[in-house]
Amino acid sequence: MKRDPQLPEESPEPPPRPPLSSSSSSSSPPSGQAEGAELAAPVWIFGYGSLVWRPGFEFTSRKVGFIRGYSRRFWQGDTFHRGSEKMPGRVVTLLEDCGACTWGVAYEVRGEQIAASLEYLNMREAVLGGYDTKLVKFHPQEKDAEEPILALVYIATPQNPSYLGPASEEDIAAQIIVSSGCAGHNIEYLLRLADFMRYFCPQAEDKHLFSIEEALISILPCLYYTEEPLEETASVPQKSKG
């Protein structure tokens, strides 16, 4: 099912859709801001979740592309941005998967932007602990891209206190439908990510993401359907018993 993409007004428009490219990859794990600050300028930061439409920090440029060796999964719980303590939402993290690739956006930061962006991301992504920061090879989507770019990425691990782990697509969709937080409804998070993949990486596959989207879309009519008979029943006089 296709929907018109609605990117948030507060973030810059995403880059145009260039053709796909492919390359090799590897990863080398730094351990946080100190290592990130030691990287030669410019620094690139790879986003694969809400960072693709709302980075929240100033940047010089950005590119759509992918990293190899990871799959995106809705296995991370969220009790703040897209959920609550009582009803945690589901957001994405990365799972090591040698045969997979994950599409997203890499942001270039320079000069004073480097320290500001890393400080912001350490608060936004890693303040609770249970996150790994790694250096990965990012492959831009442009045809003329010669070499992959080293980029910093934040990955929630099973040691994260909000980590939920695997579940069926149907169960994940059901949890997303009832969850919302200070950044908005969990449904919005899922649909924006699906729209990003659909409109900016149209030839790429993300079976996990689109299966959850399909499950959610199939559940929503059932929720609306159950409300209508209740309204009709309330307006129909009931026969007395006895």
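Let me begin by describing the structure that accompanies this report. Just so you know, these numbers come straight off a predicted model, no measurement behind them.

What follows deals with the pattern of salt bridges. Tallying each qualifying case throughout the model produces eight salt bridges. Close ionic contact of Glu-188 with Arg-192 constitutes a salt bridge, the shortest N to O distance being 2.9 Å. Of this pair, Glu-188 and Arg-192 both sit in helix H4 (residues 186–200), four residues apart, which is roughly one turn of that helix. Residue classification places Glu-188 among the partly exposed positions, given a relative accessible area of 29%. When its relative accessible area of 17% is taken as the criterion, Arg-192 is described as buried.

Across its 15 residues, H4 extends 21 Å between first and last C-alpha, which sits within 8% of the 21 Å expected from 1.5 Å per residue. Of all the 15 residues making up H4, 13 are buried; the element is thus mostly covered by neighbouring parts of the structure.

Topologically, Thr-157 is positioned in the loop between strand S6 (149–156) and helix H3 (169–177). On the basis of relative accessibility, which here comes to 10%, the residue Thr-157 falls in the buried class. Not counting chain neighbours up to four residues away, the residues in contact with Thr-157 comprise Gly-130, Tyr-131, Asp-132 and Tyr-163.

Next up on the list: the layout of surface pockets. Empty space among the atoms can be located by rolling a probe the size of a water molecule over them. The space that makes up the largest pocket amounts to roughly 520 Å³. As for the largest pocket, its lining consists of 27 residues, of which Asp-78, His-81, Arg-124, Glu-125 and Tyr-131 are closest to the centre. Among the elements of the structure, strand S2 (43–47), strand S3 (61–78), strand S4 (89–109), helix H2 (112–126) and S6 are those that each provide at least two residues to the lining of the largest pocket. Classifying every residue of the lining of the largest pocket by side-chain character gives 13 nonpolar, nine polar and five charged. Sorting the residues of the lining of the second largest pocket by element identifies S3, S4 and helix H5 (207–235) as the ones contributing at least two each. Looking at the lining of the second largest pocket element by element, the count peaks at four residues for S4.

Rules behind the numbers
Residues numbered from 1 in each chain as written. Predicted model: local features only at pLDDT ≥ 70, side-chain atom pairs only at ≥ 80, totals over all residues. Heavy atoms only, no water. Salt bridge = Lys/Arg side-chain N within 4 Å of Asp/Glu carboxyl O. Helix = DSSP H or I, 4+ residues; strand = E, 2+ residues; numbered from the N terminus. Buried < 20%, exposed > 50% of the residue type's maximum accessible area, 1.4 Å probe, protein only. Expected span 1.5 Å × (residues − 1). Contact = heavy atoms within 4.5 Å. 1 Å grid on protein atoms, 1.4 Å probe; cavity = no way out; pocket = protein on both sides within 12 Å on 5 of 7 lines; lining within 4 Å. Points joined across faces, edges and corners; volume = space filled by probe spheres on them. Nonpolar A, V, L, I, M, F, W, Y, C, P; charged D, E, K, R; others polar.

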